[in-house]
Amino acid sequence: MLSLGHDHWFIRKVVFWRAAASIAWSVLLLPASTAIFVLLSRISVLHPIEWITGSLNFLCGSYVIFSIVLLCLVVLIIGFFILEFYTVVPSIPCTQIALIGKVLHPQQFIHSLVHSMMGMLVSWCAAVMIGGRYQFLTSPCITEESAVASSMCLNEYHLFFLLAGAFMGYSYSLLYVVGNMNYVSFPNIQQNKYLRFKGTLPLVIKHSAVQALYSVRNYCITYFFLGYIPRAWICTTMNLQKDRALHSLDTLTGLLDFSLLYHLWISGTFLLVTWYMTWLLFRIYTTEVYCFPVQSSFSEDAHQCLPKVLSSKQPLILKYLALQDFALLSQNSPSRRQEVFSLSQPGGHPHNWSALSGECLTILNDLTQKLIAYQEAVSSNGRIKPQSVGSDKRPSSSGSSATSLIEEPTSWQTPKVSMGPKTPGSVFLRASVASPFTPDLGSPFGSPAMKRLTGTLDPSSPWHGSVQSPHVMRRGPKLWTSSLGAESPLNGSPQSGPALVPSPVAGAQKPSIVSLWIQNRQEQVKNVLAKRVLIMYLFNKLPEASSQALFAESQAHIWALEGLSHLVAASYTEDRFGVVQTTLPDILGTMLTLQEAVDKHFKLPHASSKPARTSGSLVDTSYKTLRFALRASLKTAIYRITTTFGEHLNAVQVSVEHRKKLQQFLEYKE
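Residues numbered from 1 in each chain as written. Predicted model: local features only at pLDDT ≥ 70, side-chain atom pairs only at ≥ 80, totals over all residues. Heavy atoms only, no water.

With that out of the way, let us pick up the overall build of the chain. Helices and strands together make up the secondary structure of the chain, namely 31 helices and five strands. Looking at the 670 residues of the chain, the share that counts as buried comes to 49%. Counting only contacts in the chain whose residues sit at least 6 apart along the sequence, the fraction spanning at least 24 positions is 79%. Accessible surface computed for the chain: about 32,700 Å², of which carbon and sulfur atoms make up 64%. (Helix = DSSP H or I, 4+ residues; strand = E, 2+ residues; numbered from the N terminus. Buried < 20%, exposed > 50% of the residue type's maximum accessible area, 1.4 Å probe, protein only. Contact = heavy atoms within 4.5 Å. Areas by Shrake-Rupley, 256 points an atom, 1.4 Å probe, with all protein chains shown as cover.)

Let's shift gears to the state of the cysteines. Simply put, disulfide is the name for a covalent bond between the sulfur atoms of two cysteines. With the rule as written, the count across this model stands at one disulfide. Bridging C141 to C153, the disulfide has an S-S length of 1.8 Å. Its S-S torsion of about 105 degrees marks the bond between C141 and C153 as right-handed, since a negative value means left-handed. On the criterion of sequence distance, the pair formed by C141 in the loop between β1 (138-140) and α7 (144-149) and C153 in strand β2 (residues 152-154) is long-range, its members being twelve residues apart. For the pair shown, C141 and C153 are each scored as buried. (Disulfide = S-S within 2.5 Å.)

Counting all residues, the mean pLDDT for the chain is 79, and 77% of those residues have values of 70 or more. Predicted confidence for residues 146-150 stays below pLDDT 50, and this span has seven contacts to residues more than four positions away or in other chains. (pLDDT = per-residue confidence, 0-100.)

Taken in spatial order, the three strands of this open sheet run β1-β2-β3, and their pairing is mixed. Among the strands making up the open sheet, the edge pair consists of β1 and β3 (241-242). Two strands pair when backbone bridges link them, and β2 and β3 are joined in this way by two bridges, in the parallel orientation. By the bridge assignment for β3, C153 is matched with Q241. (Pairing = 2+ DSSP bridges.)

As a further point, take helix α8 (residues 156-178). Every α-helix carries 3.6 residues per turn, so stepping three or four residues along brings you back to the same face. Helix length check: α8 (23 residues) gives 32 Å between terminal C-alpha atoms against 33 Å at 1.5 Å per residue, within 8%. The buried count for α8 comes to 17 of 23 residues, which makes it a mostly enclosed element. Of the residues flanking the end of α8, it is N180, one or two places downstream, whose phi is positive at about 55 degrees. (Expected span 1.5 Å × (residues − 1).)

If you walk through the whole model with that rule in mind, you get three cavities of 30 Å³ or more. Among the residues making up the lining of the second largest cavity, the classes are represented as three nonpolar, two polar and four charged. (1 Å grid on protein atoms, 1.4 Å probe; cavity = no way out; pocket = protein on both sides within 12 Å on 5 of 7 lines; lining within 4 Å. Points joined across faces, edges and corners; volume = space filled by probe spheres on them. Nonpolar A, V, L, I, M, F, W, Y, C, P; charged D, E, K, R; others polar.)

The next thing to look at is the packing of helix α28 (residues 554-574) against helix α29 (residues 584-602). Two elements in contact, α28 and α29, have axes separated by 12 Å at closest approach and are oriented at 140 degrees. Between α28 and α29, the angle is such that the two are oblique. In this structure, α28 crosses over α29, and the sense of that crossing is left-handed. Within the contact between the two elements, α28 uses L561, L564, S565 and V568 and α29 uses L584, I587 and M591. (Axes fitted to C-alpha atoms, helices over the stretch in contact; angles between N-to-C directions. Parallel < 35°, antiparallel > 145°, perpendicular 65-115°, else oblique. Left-handed = near helix turned anticlockwise from the far one by under 90°.)

Structure below.
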């Protein structure tokens, strides 16, 4: 939601105006869609001339004009909710109970309530424009018995339409949150806004018609069983009687009315087309490319330049549009690339390149740490022999573990980056906190990084020697030698592990009896609940969803990879000052380390190795295949660099393992 970023300059000057333009176009398209709805609702194949002339005369009447005004108000409210709820990072629940909590969230309750009210208002406008028996809520009674008690009876057809609108509005809101329709994805191929809208409009109409058909079916079933409740309440509240000369609509005879079902379906299609067009136009306008200046001559505009906005954390739409512009800049703009490669005056420092490349490397390194933390979590689920508390405090255990790991192939050496040294403990703590699915220490997925700092691998486990751990990360001399090399007796492996172990003073404090009793009770409750099938179904992790949540932000990583690789490839002929060559070892090392982490992730037992087939639906599900797109983009980025530089990369200082990996890319064997 935008509530935290309303005061940001980009939200005020760009996002709000783009949202206003999309809503304005939705309002301008309302008369055309309303005219088509009136024509289809009054269709008469046997009398085509009378049908067309009568519909055109009705379009100029007061009922249609007033309905269009109300529909404009509905579009404004729907557009406001789209603006408030949109996001560029999808929210992927990892358990069934998380999905239920997402549906029952108070914000979602308000969203559903407002959409139900707006659906009822649209259905009222549709009933008025169709006319006939659907136009009013009350109608004169037909039977004499009813005429004695009251001259007016309830028009159940009108009530049926109003409740259908509320039902379709709630169904739309429910699918909106379950299908992550608030997620705004960016197109892979940049097109003009008109061409994007024109190409997607047939899919909008088809999707709306099919969804309206299913909604009509579900609503008729619901009304068949529960329709008497609102009907009785309306009759009691408004002192109306039911006309017994007509069939009730909560019976099979009343529902098997082709004209009623057709008008209900065409009204639902009109409602969904109007809302989906507003949603589509907002997505088109929001994801339009925004060109940020690389550098500015005025200091007051420095916060709007690409190096500055790329390092911003909020709002996310700003960071994503900046990364998109960075990727397009690296591919299609030689003049802007020269600004990136330029040196500052005075001083002669590559500030633009340092800021852009540094932020991209930070983004990629964060993903690497998240992948390692996830692999630690998966491997710790029944694959590590737990040690006693006393064994964690013995310094010999960490020393022997480090010695054994030194003898293994250094396949996870991390290159030295230019953003500043980081201790392994802080890196993994941050990665574990940033992970959206990492639970507490007591769960099977609990704090793997902390466990692996003091635990040992099971030698008989198939993960021994292949699953990466903080020990393996710490032994790489390229990452921490600059700051911790003097303190490390194991060739760049800093002894920061014992710093994370509780001190003897803290360890001497014994837990109280009350805390031990509470922990025992918690374990007993967990064991009892774990035996219930329903509880396990609701709380068990969904491996595929966890993997999707891990790569939920991978669109940013894809743009960072594309931008870096294209700039590095272009620097071969365009970089006159050699600013890229200073960070080329860091870039190659980061990409190769990330590629190894991604490959190991896809080798996990529950990770899917092939993307699912896309159904071609209007609802975007591209976030489910972001990890496959990242894997392809990563390999393409490395090949782009190796193809451009060729054998010159042999002069770049990288680790032995990275050298072997790089040679495979040079020989096109990867």
